[in-house]
Amino acid sequence: MTSTAGTDPSTTDLLPRKRVLGYALGDSANNVAFQMTSLFLMVYMTDIAGVPAAIAGTIYGVTKVWAGFTDLLAGNTVGRQQTRHGRLRPWLMWASPFLVVSLVLLFSTPAGLGPMATVAWILLFDAAFQLFYSFVNIPYGSLSAAMTENSTDRSRLSGARSIASSITGVVLSLVLSPQFEDTTADGIRLTFTLATVVLAAVALVLYWICFRTTREVVPAGSGTLTLRTTLQMVRRNPPLLLLCLGALFLLGGSFTMNAVMMYYARDVVGGAGYFTALFLAQTIGTIGAATLIPAITEKVGKRTGYVVLAVTSVLGLVLIGLTPTGNLTMAMLAFLIYGVGFGGTNALMFSMQADTVDYGEWKTGTRAEGGSYSVLSFVRKTGQGIGGALGGAIIGAFGYVSGGAAQSEQAVQGIKIAAGWAPAVLCLIAAVVVVFYPLGAEEHRRIVEDLRRRRARAALGQSQEGAAVVLSSDGGRLIATRPVVTINELYGSGAAEIGERVAEHLGVPFAGTKFSSEDLERASSNRPRVLAETRTGRTLRWLHTFSWQTVDVNVAAASGDAQVTSRMVQQNTDEVLEHVKATGGVIVGRDATMILGDVQGVIHIRLEGDVEDRVARAAELYRLTPEVAAQRQVREDRMRPRMSRRLMGWDPTDPSRYHLIVDTSQMGEQEIIEEIVAAVQAELGE
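The model shown is predicted, which means the values in this text are computed figures rather than measured ones. (Residues numbered from 1 in each chain as written. Predicted model: local features only at pLDDT ≥ 70, side-chain atom pairs only at ≥ 80, totals over all residues. Heavy atoms only, no water.)

**Some remarks on the nonpolar core**
Grouped together as the largest cluster of nonpolar side chains are 124 residues, with contacts concentrated most on Met45, Phe180 and Tyr264. Take this core: its biggest share by element is 17 residues, from helix H9 (residues 238-269). Counting residues in hydrophobic clusters, the runner-up holds 20 residues, among them Val502, Ala503, Ile605 and Leu660. (Core = buried A, V, L, I, M, F, W, Y, C linked by side-chain atoms within 4.5 Å. Buried < 20%, exposed > 50% of the residue type's maximum accessible area, 1.4 Å probe, protein only. Helix = DSSP H or I, 4+ residues; strand = E, 2+ residues; numbered from the N terminus.)

**Section: the packing of helix H2 (residues 17-47) against helix H4 (residues 89-106)**
The geometry of H2 relative to H4 is characterised by a closest axis approach of 11 Å and an angle of 15° between their N-to-C directions. Viewed along their axes, H2 and H4 adopt a mutual orientation that is roughly parallel. For the pair H2 and H4, the sense of crossing is left-handed. Judged by residue contacts, Ala33, Met36, Thr37, Leu41 and Tyr44 of H2 engage Leu99, Leu103 and Leu106 from H4. Considered class by class, the residues forming the contact of H2 with H4 number seven nonpolar, one polar and no charged. (Axes fitted to C-alpha atoms, helices over the stretch in contact; angles between N-to-C directions. Parallel < 35°, antiparallel > 145°, perpendicular 65-115°, else oblique. Left-handed = near helix turned anticlockwise from the far one by under 90°. Contact = heavy atoms within 4.5 Å. Nonpolar A, V, L, I, M, F, W, Y, C, P; charged D, E, K, R; others polar.)

**A closer look at the packing of H9 against helix H14 (residues 409-435)**
At their nearest, the axes of H9 and H14 sit 8 Å apart, and the two run at 165° to each other. The pairing of H9 with H14 is recorded here as roughly antiparallel in orientation. The way H9 lies across H14 gives a crossing that is left-handed. Tallied by class, the residues present in the contact of H9 with H14 amount to 20 nonpolar, four polar and two charged.

**With respect to the pairing of strand S7 (residues 603-608)**
Most of S7 is tucked away, with five of its six residues classed as buried. In this sheet, S7 lies alongside strand S3 (residues 484-489) in parallel orientation, the contact comprising five bridges. Counterpart to asparagine 488 in the pairing with S7 is arginine 606. Alignment of S7 against strand S8 (residues 660-663), held across four bridges, turns out to be parallel. Bridging from a neighbouring strand, arginine 606 pairs with isoleucine 661 of S8. (Pairing = 2+ DSSP bridges.)

**Describing the sheet that holds strand S5 (residues 585-588)**
Spatial ordering of the open sheet is given by S4-S5-S3-S7-S8, a layout of five strands whose pairing is parallel. Here the strands that pair on one side only, and so sit at the sheet edges, are strand S4 (510-511) and S8. Of the strands in this sheet, S3, S4, S5 and S7 touch helix H16 (residues 495-506), which is tilted by about 175° from S5.

**Quick look at the pattern of salt bridges**
The tally for this structure, following the rule as stated, stands at eight salt bridges. Between glutamate 669 and arginine 501 there is a salt bridge, with its nearest N and O atoms 2.9 Å apart. Separated by 168 residues along the polypeptide, glutamate 669 in helix H25 (residues 669-684) and arginine 501 in helix H16 bring together distant segments of the chain. The shortest N-O distance in the salt bridge between arginine 614 and aspartate 637 comes to 3.1 Å. You can see arginine 614 sitting in helix H23 (residues 611-621) and its partner aspartate 637 sitting in helix H24 (residues 626-648), a full 23 residues away along the chain. A relative accessible area of 3% means that arginine 614 is categorised as buried. Linked by salt bridges that have partners in common, Asp47, Arg266 and Asp267 make up one network. (Salt bridge = Lys/Arg side-chain N within 4 Å of Asp/Glu carboxyl O.)

**Things to note about the packing of aromatic side chains**
For any pair of aromatic rings, the description consists of the separation of the ring centres together with the inter-plane angle of the planes. Under the criterion given, the structure shown has 16 aromatic pairs. With 5.2 Å between their ring centres and 45° between their planes, phenylalanine 40 and phenylalanine 275 make a pair best called tilted. With a gap of 235 residues between them, phenylalanine 40 in helix H2 and phenylalanine 275 in helix H10 (residues 275-300) connect regions that are remote in the sequence. By relative accessible area, phenylalanine 40 is classed as buried at 1%. Considering the side-chain rings of phenylalanine 107 and phenylalanine 192, the 5.5 Å spacing of their centres and the 40° angle between planes classify their relative orientation as tilted. Residue phenylalanine 107 is located in the loop between H4 and helix H5 (115-147), and its partner phenylalanine 192 is located in helix H7 (residues 188-213); the two are separated by 85 residues in the primary sequence. Of the two residues examined, phenylalanine 107 and phenylalanine 192, each falls in the buried class. (Phe/Tyr/Trp six-rings, centres within 6.5 Å; stacked < 30°, edge-to-face > 60°.)

Right, dumping it as structure tokens:
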């Protein structure tokens, strides 16, 4: 039994449901604030505050770009001060009162103000809102990593947050969209202000619940990323630059449409109340796309998937532009298609951003997850600002009348252009940009493999004189001076037994596979929640993801959190290097073939055989029934290669990886051992 004495139970057991729910409610509060400004601020400015559309778009654009800078400011501020409540949670209470007050004031422009004063009022309080939103949202977004190191828990938090965000958007549209049905009604300003006050109070309560129910248990990391190192990293990272350029156009297109979506619902589809139907259709499309991302990634790759989904967005936006006035059915279909396209590209964007971190480390030697993300976040905010400004400028140029009971045919056409045609052009440009994104699946695989080798070289290069693996005299190569053998097998080929006897003949230590057949068998249980209740169970739950009879993909719920996976990979690498660097050795599995692939003198063996022979051998060796042995053969031949591909970025079935590929159905065990020993002795010149 594994001892958990002295450990915080919050880090060893699944998070209680109340903490997951409390965290999700924090994003509900965020979206009460964020979606009010993203979806309704433009129409509030034009139809209630009386600001001309072009000026309203300019305000929208300026404050969104400002929000990119405030994100950078908040990112370099929050988390530095440790309090009895943690480093991040206190910001939810410190900044949220200022956030909701600025939100209420933003949507409470006094009726008696002149045009310039009205613009100044909205600009001032929108800028204040964006500042305080950054100081709430940045610590909130970082909180999940501080709540748990458990990859399963982090997936639960992410999923709960996503669901809460979607539900909040739909509820918010139900509450607010009717307010814009008749913006000339008496008392509309007061009505809208009171509605905002109620929503702000709800958000404040939700922030308080989030603060009370969450806990920070993961210690802060060391090191600070400066703006200078971030810019240096970006300059030498073409994949990140192209991804950011694509994001600029993609988010520009999305927020051009978002800024005028209420006008579209009211003046094209036929009523402000239809806004909820359109928003719901888009949300369904977005959620549906998210479920397809793993399969798309596996089948066509991220780059191609991004381009195809961006073109899908273009199709949906073109349909939005073509929808005849009053046709709700066609509009909902168009928004559904757009939701699939934008939701998919948005999800792939963050997955591709993680790949650019690997490229940055490969190119510069510095790994900068935070720097890469902050740059992409800044560009996204800039794109949002450009999109909002463009939407306001377009409808203003086509004669939109602020607060008008009805719009001219020309103004309606301008709304269609701003909601459909202009965003379609921007999304098409985003697709073209990403066509040139240089980091395809094969390129990324090679980069990851090279990084693994570099780390192995660095670790082995520190070995003392007389070690089994040393640097060559010119420092250019790693050379094995004592026997080192890696063995990879198809289940039942006898690697453990053969490996042990080879180690005896060579006089070196032996190491078997990290995960036994029993581990994989238990992990394939259909009871993953039960498996996750203990520390050992969490490992088995992680293994469970490799047993799925689906395409082999890097699913978020499967691979969990990048930090946890990275640590597991590093631990395995360290164990392999530690095993061989002093005395040499024979290692079965553990991805040692890839880890030691750059070391001259290491012999790599692959054992295969006919299925029937392997099943019979396994049944005899491990005293299993033929049925159980056959089940293990199917399971392990599927799971172990998946683990190698997902974690270490290599394909163990690639014959070019091995010096010898032995068919154990055709050769006896003693003959195989003698051949391997002879190969090692020949390589070492013995």
